[in-house]
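Topology and contacts: notes
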Amino acid sequence: MYAPERQQEILRLARDGGRVDVVSLAEEFEVTAETIRRDLKALDRAGLIRRVHGGAIPAGRLDFEPDLAERESTAADEKDRIAKAALAELPTEGTMILDAGSTVARMAAALPPETSLTVVTHSLPIAARLADHPGIQLHLVGGRVRHRTRAAVDAWALRAYGEIRADVLLVAANGFSVEHGLTTPDLAEAAVKRAAVAAARRVVLLADSSKHGQEHFARFGALSDVDLLITDSGMSPEDATAIERAGTEVVRA
């Protein structure tokens, strides 16, 4: 296969899957990793992709945001393992903020009946899952609800988080890295996430490994703002070590 043919196929894979990585491409096309890096560099120069840590994403994807159904079905097994591991981080009879995110929602759905907590959330799906939980004192943060994520945003939500102090925040992100921090496509959601981070004594990021190295339009914090990252075993030990050297503990579920 000639280089232009390979690059066209790489572009198709990136657009279909939302992301490609160097190692998998090298195996698929039976070439060296350096050859793939040259291909990605050529596609990046042409404005067709954007290079990220370990691979590339399609051009224009910095503001791409999957809808709720797509997020629920993506990396389902990994998210289940992350959610289960997150249960160990719950405070005992304390207060917890739950951010809007599919992995955070899975953790909320898995809360044991005997759990006794005060929970604050701006996520309608999470609030619906916890409304009938016998041990949860639920506080729903209001505001304008974004249809794509069913999360409350804007001034009401920001004011609410400015008035509380919680033991733990479980936060979600569309992308994270040591270099670019925590990112999400929407500025309004980023503002609420930033306010939630400021309202918590301990910040736990729940994010599957495919989000590592991804970068989106709106930045809401540095990775050093996160005390603990819970991700899946798809993250390499080397990447986990690099994150821990920057000051964030990593659990690979």
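Residues numbered from 1 in each chain as written. Predicted model: local features only at pLDDT ≥ 70, side-chain atom pairs only at ≥ 80, totals over all residues. Heavy atoms only, no water.

Re a nonpolar patch on the surface
A contiguous nonpolar surface patch, about 230 Å² in accessible area, is contributed by Leu124, Leu140 and Val145. Summarising the element assignment, Val145 is placed in strand β7 (residues 144-146). By relative accessible area, which is 31% here, Val145 ends up partly exposed. (Patch = residues over 30% accessible without salt bridge, like charges linked within 9 Å, V, L, I, M, F, W, Y side chains within 5 Å. Areas by Shrake-Rupley, 256 points an atom, 1.4 Å probe, with all protein chains shown as cover. Salt bridge = Lys/Arg side-chain N within 4 Å of Asp/Glu carboxyl O. Helix = DSSP H or I, 4+ residues; strand = E, 2+ residues; numbered from the N terminus. Buried < 20%, exposed > 50% of the residue type's maximum accessible area, 1.4 Å probe, protein only.)

So, the nonpolar core
Ile97, Tyr161, Leu169, Phe176, Leu205 and Leu229 are the most contacted members of the largest nonpolar core, which has 32 residues in total. Looking at this core, the elements with two or more residues in it are α8 (155-161), β9 (166-171), α9 (187-198), β12 (200-206), β13 (218-221) and α10 (237-245). Among the elements that line this core, the one with the most residues is α9, at six residues. Residue contacts for Ile97: discarding those within four places in its chain leaves Val120, Tyr161, Ile164, Ala166, Val168, Leu169, Leu170, Ala196 and Ala199. (Core = buried A, V, L, I, M, F, W, Y, C linked by side-chain atoms within 4.5 Å. Contact = heavy atoms within 4.5 Å.)

What about the environment of Arg15?
Inspection of the secondary structure puts Arg15 in helix α1 (residues 3-17). A relative accessible area of 52% means that Arg15 is categorised as exposed. Residues Arg15 and Asp208, 193 residues apart in the sequence, show an inter-C-alpha distance of 20 Å. Filtering out sequence-adjacent residues up to four positions away, Arg15 remains in contact with Leu48 and Pro58.

Focus on a negative patch on the surface
Taken together, Asp225, Asp227, Glu244 and Glu249 make up a surface patch of like negative charges. Summarising the element assignment, Glu244 is placed in helix α10. With relative accessibility at 39%, the residue Glu244 sits in the partly exposed group. (Lys, Arg positive; Asp, Glu negative; His and termini not counted. Charge placed at Lys NZ, Arg CZ, Asp CG, Glu CD.)

Considerations on the UniProt feature "domain: HTH deoR-type" (unreviewed entry) in the protein chain
With numbering matched to this structure, UniProt assigns "domain: HTH deoR-type" (unreviewed entry) to residues 3-58. Helix makes up 64% of residues 3-58 and strand makes up 18%, while its end C-alpha atoms are separated by 18 Å. (UniProt positions renumbered as here; feature names shortened; annotations may be inferred.)

A closer look at the sheet that holds strand β11 (residues 181-184)
Strand order in the open sheet made by the three strands is β10-β11-β13, with antiparallel pairing throughout. The open sheet has two free edges, formed respectively by β10 (175-177) and β13, since each of these has just one partner strand. The mean inter-strand angle of the sheet, taken between neighbouring strand axes irrespective of direction, is 30°. The pairing of β11 with β13 spans three bridges and is classified as antiparallel. By the bridge assignment, Thr183 is partnered in β13 with Arg219. (Pairing = 2+ DSSP bridges. Axes fitted to C-alpha atoms, helices over the stretch in contact; angles between N-to-C directions.)

Regarding the domain arrangement of the protein chain
Along its sequence, the protein chain is carved into domain 1 (3-58) and domain 2 (68-252). The distance between the C-alpha centroids of domain 1 and domain 2 comes to 30 Å. In this complex, domain 1 contributes five residues to the contact, which on the side of domain 2 involves six residues. In this assembly, domain 1 packs against domain 2 so that about 500 Å² is buried in total across both faces, 44% of it on carbon and sulfur atoms. Run the count over domain 1 and domain 2 and you get one salt bridge. A salt bridge links Glu215 to Arg50, with the nearest nitrogen and oxygen atoms 3.3 Å apart. Counting every contact that joins domain 1 to domain 2 gives two residue pairs in polar contact (both at pLDDT 80 or more). Its residues assigned to classes, the side of domain 1 that touches domain 2 shows two nonpolar, one polar and two charged. (Domains from an automatic or database assignment. Buried area = accessible area lost by both parts, 1.4 Å probe. Polar contact = N/O pair within 3.5 Å; in protein donor to acceptor, adjacent residues only side chain to side chain. Nonpolar A, V, L, I, M, F, W, Y, C, P; charged D, E, K, R; others polar.)

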